[in-house]
Amino acid sequence: MNGLRQTMAWAGAGLVIAAHALAAQAAPLAGDAAAGQAQFATCTRCHRVGPGARSGFGPQLNGIVGRRAGSLSDFNYSPALKQSQLVWTRERLAAFIKNPDQVVPGNRMRFASWGYDDQKIANLVAYLASFPAER
Ligand code: HEC
């Protein structure tokens, strides 16, 4: 009986250690979604995100992390973005937000967040990642 209890204690400790290891791995890209909402204000000129968001001047951004680039049927993309074959990971989004032309040369998004440091961009990506795709 004692042996079993000890085994379970060890298993529990192992889970805690595993969870910490995962958290440490994600650390470099950790962003603060609540803070990122403020950064998104510069995007709302052209983009919408959240329940019921529709594409306008720019494509709506629900479920953007993991979404194939240029894949919405309700937006008329540039050939460059449509044919890019990219999937938006957090890293790729951060790079695109910083300098769209470097990630997808010839795309039509005329905006670059030159003034954002990496933390602000990570916050913005975390904010966007909090909106699931809608069907
Ligand atoms: C001046 C308008 C404008 C602003 C401001 C703007 N965008 Fe865009 N964005 C666009 C347009 C237009 C496209 C489509 C480009 C194309 O088809 O080549 C686009 C495309 C994108 C895409 C690719 C979407 C997809 O479906 O593949 C992402 C992601 C994106 N924008 C994020 C942002 C973020 C985040 C911001 C704010 C930091 C921002 N944009 C600011 C106009 C804008």
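Residues numbered from 1 in each chain as written. Predicted model: local features only at pLDDT ≥ 70, side-chain atom pairs only at ≥ 80, totals over all residues.

A. Here's a closer look at the overall build of the chain. Broken down by element type, the chain carries 6 helices and 0 strands. Counted from the first residue to the last, the chain has its helices and strands arranged as α-α-α-α-α-α. Each of the 135 residues in the chain was classed as buried or not, and the buried ones make up 18%. Long-range pairs, those at least 24 residues apart, make up 53% of the contacts in the chain between residues at least 6 apart in sequence. (Helix = DSSP H or I, 4+ residues; strand = E, 2+ residues; numbered from the N terminus. Buried ≥ 20, exposed ≤ 12 C-beta atoms within 10 Å, placed from the backbone. Contact = placed C-beta atoms within 7 Å.)

B. Molecular detail of the nonpolar core. Counting 15 residues, the largest nonpolar core has L93, I97, I121, L124, V125 and L128 as the members making the most contacts within it. Elements represented by at least two residues in this core include exactly α4 (90–98) and α6 (118–129). By residue number, the principal contributor to this core is α6, which donates 7 residues. (Core = buried A, V, L, I, M, F, W, Y, C linked by C-beta atoms within 7 Å.)

C. Looking closely at the site of the ligand. The immediate surroundings of the ligand are formed by 28 residues, with C43, C46, G58, S78 and N107 found nearest. Secondary-structure elements contributing two or more residues to the shell around the ligand are α3 (79–82) and α4. Ranked by the residues each element gives to the shell around the ligand, the list is headed by α4, at 3 residues. Looking at the shell around the ligand residue by residue, the class counts come to 18 nonpolar, 7 polar and 3 charged. (Near = placed C-beta within 6 Å. Nonpolar A, V, L, I, M, F, W, Y, C, P; charged D, E, K, R; others polar.)

D. How the structure looks around the confidence of the model for the chain. Put simply, the chain has an average pLDDT of 86, and 79% of its residues get 70 or more. For the chain, the element scoring lowest by mean pLDDT is helix α1 (residues 2–26), at 55; α3 scores highest, at 98. (pLDDT = per-residue confidence, 0-100.)

E. Summary view of the packing of α4 against α6. Taken N-terminus to C-terminus, the directions of α4 and α6 make an angle of 125°; their axes are 10 Å apart at the nearest point. If you check the angle between α4 and α6, you find them oblique. Of the two possible hands of crossing, α4 and α6 adopt the one that is right-handed. Of the residues in α6, those touching α4 at R90, L93, A94, I97 and K98 are I121, A122, L124, V125, L128 and A129. (Axes fitted to C-alpha atoms, helices over the stretch in contact; angles between N-to-C directions. Parallel < 35°, antiparallel > 145°, perpendicular 65-115°, else oblique. Left-handed = near helix turned anticlockwise from the far one by under 90°.)

F. Inspection of α6 at higher detail. For α6, which comprises 12 residues, the first-to-last C-alpha distance of 16 Å matches the rise-based estimate of 16 Å (1.5 Å per residue) to within 8%. For α6, every residue scored as buried is listed here: I121, A122, N123, L124, V125, A126, Y127 and L128. (Expected span 1.5 Å × (residues − 1).)

G. The arrangement of the environment of L93 in detail. Inspection of the secondary structure puts L93 in helix α4. In this structure the C-alpha to C-alpha distance between L93 and V65, which are 28 residues apart in sequence, comes to 7.8 Å. Beyond its immediate sequence surroundings of up to four residues, L93 is in contact with I64, V65, W88, V125 and L128.

H. Layout of unusual backbone geometry. Phi is positive for Q85, close to 65°, though the residue is something other than glycine. With respect to the helices, strands and loops of the structure, Q85 is situated in the loop between α3 and α4.

I. View of the packing of helix α2 (residues 33–40) against α6. It is the contact of α2 with α6, at a shortest axis distance of 7 Å, that shows an interaxial angle of 100°. Relative to α6, the element α2 is oriented roughly perpendicular. Two secondary-structure elements touch here, α2 through A33, A35, G36, Q37, Q39 and F40 and α6 through K120, N123, L124, A126 and Y127. The class makeup of the residues in the contact of α2 with α6 is 6 nonpolar, 4 polar and 1 charged.

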